[in-house]
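Report on the structure
One-letter residues, chain by chain:
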Amino acid sequence: MPDQTPEGMELTLRTLAMPADTNAAGDIFGGWVMSQMDLAAAIRANERSNGRTVTIAADQIVFKKPVKVGDTLCVYTAVDHVGRTSMVIRIEVWARRAYAAVREHVTEAKFTMVAVDEAGKSRPVDPA
């Protein structure tokens, strides 16, 4: 089964789920998945704003299925909205199951990112 990018999105981050990232039940800890989503949001927002950004909100996080050790986590992003200093990044996380050609949609969210200058003060987002 070939990898397919969700419509209107781009693959922003891809990583392997490891045993050190598990919770007490042996599944990958949700906080680790959220941190990968935050990294992907920052990558996409930094590229879009041509500079540093910070996370100010993570909304509508929905965990649909667990991530398992050995799965390849694929984090896709899209810029849904650009304001004067902020942008909303839509995220979909898919897991390519270990040793299988199966991909499953495991998590999604919207992250709001703010462009900041060297002093950490908000700055306008560069026009597209």
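Let me begin by describing the structure that accompanies this report. (Residues numbered from 1 in each chain as written. Predicted model: local features only at pLDDT ≥ 70, side-chain atom pairs only at ≥ 80, totals over all residues. Heavy atoms only, no water.)

If you check helix α1 (residues 30-49), its first and last C-alpha atoms are 28 Å apart, about what 20 residues at 1.5 Å a residue would give, namely 28 Å. Buried residues of α1: Trp32, Val33, Gln36, Met37, Ala40, Ala41, Arg44, Ala45 and Ser49, and no others. On its buried side, α1 packs onto β1 (10-16), β2 (53-63), β3 (72-82), β4 (86-96) and β5 (103-115). One or two positions beyond α1, positive phi appears at Asn50, with a value near 55°. (Helix = DSSP H or I, 4+ residues; strand = E, 2+ residues; numbered from the N terminus. Expected span 1.5 Å × (residues − 1). Buried < 20%, exposed > 50% of the residue type's maximum accessible area, 1.4 Å probe, protein only. Contact = heavy atoms within 4.5 Å.)

This part takes up the environment of Val75. On the secondary structure map, Val75 appears in strand β3. For the pair formed by Val75 and Val106, sequence separation is 31 residues and the distance between their alpha carbons is 10 Å. The residues touching Val75, leaving out its near neighbours within four places in the chain, are Glu10, Leu11, Thr12, Leu13, Gln36, Met37, Ala40, Ile91, Glu92 and Val93.

Among the secondary structure elements, Ala78 is positioned in strand β3. Measuring from C-alpha to C-alpha, the distance between Ala78 and Ala109 comes to 11 Å, with 31 residues separating the pair along the chain. The contacts of Ala78, once residues within four sequence positions are left out, are Gly8, Met9, Arg44, Val88, Ile89 and Arg90.

Side-chain direction in a regular strand flips from residue to residue, so the side chains alternate between the two faces of the sheet. The pairing of β1 with β3 spans six bridges and is classified as antiparallel. Each bridged residue has a counterpart across the sheet, and for Glu10 the counterpart in β3 is Thr77. Sheet topology note: the β3/β4 ladder contains 10 bridges and is antiparallel. Within β4, the residue paired with Val79 across the bridge is Ile89. The hairpin turn running from β3 into β4, its antiparallel successor, is three residues long. (Pairing = 2+ DSSP bridges.)

Right, let's talk about the pairing of β5 for a bit. Judged by how many residues are buried, β5 sits mostly within the fold: 10 of 13 residues are covered. Bridging between β2 and β5 involves eight bridges; their strand directions are antiparallel. Bridging across to β5, Asp59 finds its partner in Lys110. As judged from the 11 bridges shared by β4 and β5, these two strands associate in the antiparallel manner. Following the sheet pairing, Ala95 is matched in β5 by Glu104. Between β4 and β5, which pair antiparallel one after the other, the connecting turn spans six residues, and Tyr99 there sits at a positive phi close to 60°.

Moving on: the sheet that holds β4. Strands sit in the order β1-β3-β4-β5-β2 across an open sheet of five strands; the sheet is antiparallel. At either end of the open sheet lies a strand with only one pairing partner, and these are β1 and β2. Adjacent strand axes in the sheet meet at a mean angle of 25° when their direction is disregarded. (Axes fitted to C-alpha atoms, helices over the stretch in contact; angles between N-to-C directions.)

Geometric values such as these leave the question of function open.
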